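Below, each chain spelled out in residue letters.
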Amino acid sequence: MDIQKTYYNCKEECFTKRYLNIKEFYNYLDINFPNKIEIGKSTEGNPIYLIRVGNGSKKVLIWSQMHGNETTGTFAMFDLLNIVKENSNEEAIKRILDEYEIHFIPVLNPDGAIEWDRRNALGVDINRDFNAEQSTEIKVLKNQFTNVNYDLCLNLHDQRTIFSSGYSENPATLSFLSPSIDLERSLNEVRKKSMGVISYINDCLHMYIGGKIGRYTDEFYPNSTGDNFQKLGVPTVLFEAGHFPNDYQRQKTREYFCYALYFALDFASKNEDLTVNYKKYFDIPENKELFLDVIIRDCPFLINKAIHKVDVGIQYKEEVNKSKTDLKFVPIVKEIGDLSKRKSWKDIEGNLITPIENKIKLEDVFNTFII
Ligand SMILES: [Zn+2]
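Residues numbered from 1 in each chain as written. Predicted model: local features only at pLDDT ≥ 70, side-chain atom pairs only at ≥ 80, totals over all residues.

### Quick notes on the packing of helix H3 (residues 72–86) against helix H9 (residues 251–268)
Contact pair H3 / H9: the axes reach a minimum separation of 8 Å and the direction vectors enclose 60°. In this view, H3 runs oblique relative to H9, as classed from their interaxial angle. As for the relative orientation of H3 and H9, their crossing is right-handed in sense. In contact with Thr 72, Gly 73, Phe 75, Ala 76, Asp 79, Leu 80 and Ile 83 of H3, H9 contributes Thr 253, Arg 254, Phe 257, Cys 258, Leu 261 and Tyr 262. (Axes fitted to C-alpha atoms, helices over the stretch in contact; angles between N-to-C directions. Helix = DSSP H or I, 4+ residues; strand = E, 2+ residues; numbered from the N terminus. Parallel < 35°, antiparallel > 145°, perpendicular 65-115°, else oblique. Left-handed = near helix turned anticlockwise from the far one by under 90°. Contact = placed C-beta atoms within 7 Å.)

Following this line, the structure appears as structure tokens:
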């Protein structure tokens, strides 16, 4: 199946921006997925739903937005659901649906989604709450995990614009991680399977975004979901949506994210040994933090009648607007000084800027660089 062609025919047009309006989202689910199942409620009482497709004996669990401000995986999920719905006669889709029952949990953290907050309504990072279970939402996820014998788990996230694929000029538009099962980062069959799935996705994505794929550090997080699911014996793959040039709304990233989900299921449904090629996982460059959003090189400051030139590095802070309908990208100064080793998505030569006399004016200058 030509995934690119299929994607353009099936993309879910209801979602066009990065911010997810939760009321509109629930309406969308009521209309398009009347068979969804409510599996729990968030801290603030918002419903958490499960959508099931497929008739296979194996089970895969895919959940998104355990971090409320990470929507790209949710949109990619609904693109994929459209692809699956509209192409059930395609050989690859038929195989996936014959082999697997796919369980989707979109937006595990609806309270955080409303506020564009990583954390839940109490300020808990759900992905660091596996053992203490202080958040309602992790209990909902763990309950679902315990009730079904899953064969594969896909854990969908977003990452900041700062990440590059290794030390290259490329963003890590998509990153993957096979979480560790212990401090020694041991390799067992379970972990090798998830590495094998990632290697397959990486190979398939190469023709679309070769060079823009990264691998997260596999430091063991004893309180994280993926690490624990994998420790409990279910291969788990962490997906991270990152930056694509000039795409702060992450619509291109969303497209490749959907491809990646499709490739994961395509491979898993082939009944091949998933550990084949697991070693190629280590060929994927590690994520590095090379980028800032904007760098003003040799930015002139007028102090005591003398001009001082320094590099100014700016990172956008994403905030939801008051009416909770869209995001604002607020420029924040992150670094001042020699940034010659850092890259940016937008470089500005300081000689184009009128010397800045005070901090208030500095903020005015930054505001002109909002995307
Ligand atoms: Zn996350």
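### A look at the domain arrangement of the protein chain
In terms of domains, the protein chain is made up of domain 1 (3–288) and domain 2 (291–367). A separation of 34 Å is found between the C-alpha centroids of domain 1 and domain 2. Contact residues are listed per partner, giving 16 residues for domain 1 and 13 residues for domain 2. Residues belonging to the side of domain 1 that touches domain 2 are distributed by class as follows: 7 nonpolar, 5 polar and 4 charged. (Domains from an automatic or database assignment. Nonpolar A, V, L, I, M, F, W, Y, C, P; charged D, E, K, R; others polar.)

### Digging into unusual backbone geometry
Outside of glycine, negative phi angles account for most residues, and trans bonds account for most peptide bonds. The phi dihedral of Asn 271 is positive, around 60°, even though this residue is not glycine. By the secondary structure assignment, Asn 271 is in the loop between H9 and strand S10 (287–288). Looking at Asn 271, the number of C-beta atoms within 10 Å reads 9, which means it is exposed. (Buried ≥ 20, exposed ≤ 12 C-beta atoms within 10 Å, placed from the backbone.)

### Quick notes on the pairing of strand S3 (residues 58–64)
Within S3, 5 of the 7 residues are buried, leaving the element largely enclosed by the surrounding structure. The sheet contact formed by S3 and strand S4 (residues 100–105) spans 6 bridges and is parallel. Looking across to S4, one finds that Lys 58 is bridged to Tyr 100. Note that S3 and strand S5 (residues 152–158) share 5 bridges and pair parallel. If you follow Leu 61 over to S5, its bridge partner there is Cys 153. (Pairing = 2+ DSSP bridges.)

### Some remarks on the sheet that holds strand S8 (residues 213–215)
By definition, the strands of a sheet pair up through backbone hydrogen bonds, in either a parallel or an antiparallel sense. One open sheet holds the 8 strands; their spatial order is S1-S2-S4-S3-S5-S9-S7-S8, and the pairing between them is mixed. In this open sheet, the two strands that pair with only one neighbour each are strand S1 (37–41) and S8. Averaged over all pairs of adjacent strands, the angle between their axes in this sheet comes to 20°, without regard to strand direction. Against the sheet, H3 contacts strand S2 (47–53), S3, S4, S5 and strand S9 (236–241), and its axis sits at roughly 140° relative to S3.

### Considerations on the sheet that holds strand S12 (residues 306–320)
One open sheet holds the 4 strands; their spatial order is S13-S12-S11-S14, and the pairing between them is mixed. Sheet topology places strand S13 (327–336) and strand S14 (343–349) at the edges, where each strand pairs with a single neighbour. Going from strand to strand, the sheet's axes swing by 35° on average, the running direction of each strand aside. Where strand S11 (residues 291–303) meets S14, 6 bridges bridge the pair, whose relative direction is parallel.

### So, the nonpolar core
By size, the foremost hydrophobic cluster in this structure holds 86 residues, and its most contacted members are Val 60, Leu 154, Leu 174, Ala 260, Leu 261 and Ala 264. When residues of this core are assigned to their parent elements, the largest contribution, 11 residues, is made by H9. There are two domains that each give this core at least three residues, and those are domain 1 (3–288) and domain 2 (291–367). If near-sequence neighbours (up to four positions away) are discounted, Ala 264 is found in contact with Leu 154, Val 197, Ile 201 and Val 237. (Core = buried A, V, L, I, M, F, W, Y, C linked by C-beta atoms within 7 Å.)

### Focus on the packing of helix H7 (residues 189–209) against H9
Contact geometry of H7 with H9 gives a least axis separation of 9 Å together with a crossing angle of 135°. On the basis of the axis angle, H7 is oblique to H9. Two packed elements cross with a definite hand, and for H7 against H9 that hand is right-handed. Between H7 and H9, the residues in contact are Val 197, Tyr 200, Ile 201, Cys 204, Leu 205, Tyr 208 and Ile 209 and Tyr 256, Tyr 259, Ala 260, Phe 263, Ala 264, Phe 267 and Ala 268, respectively.

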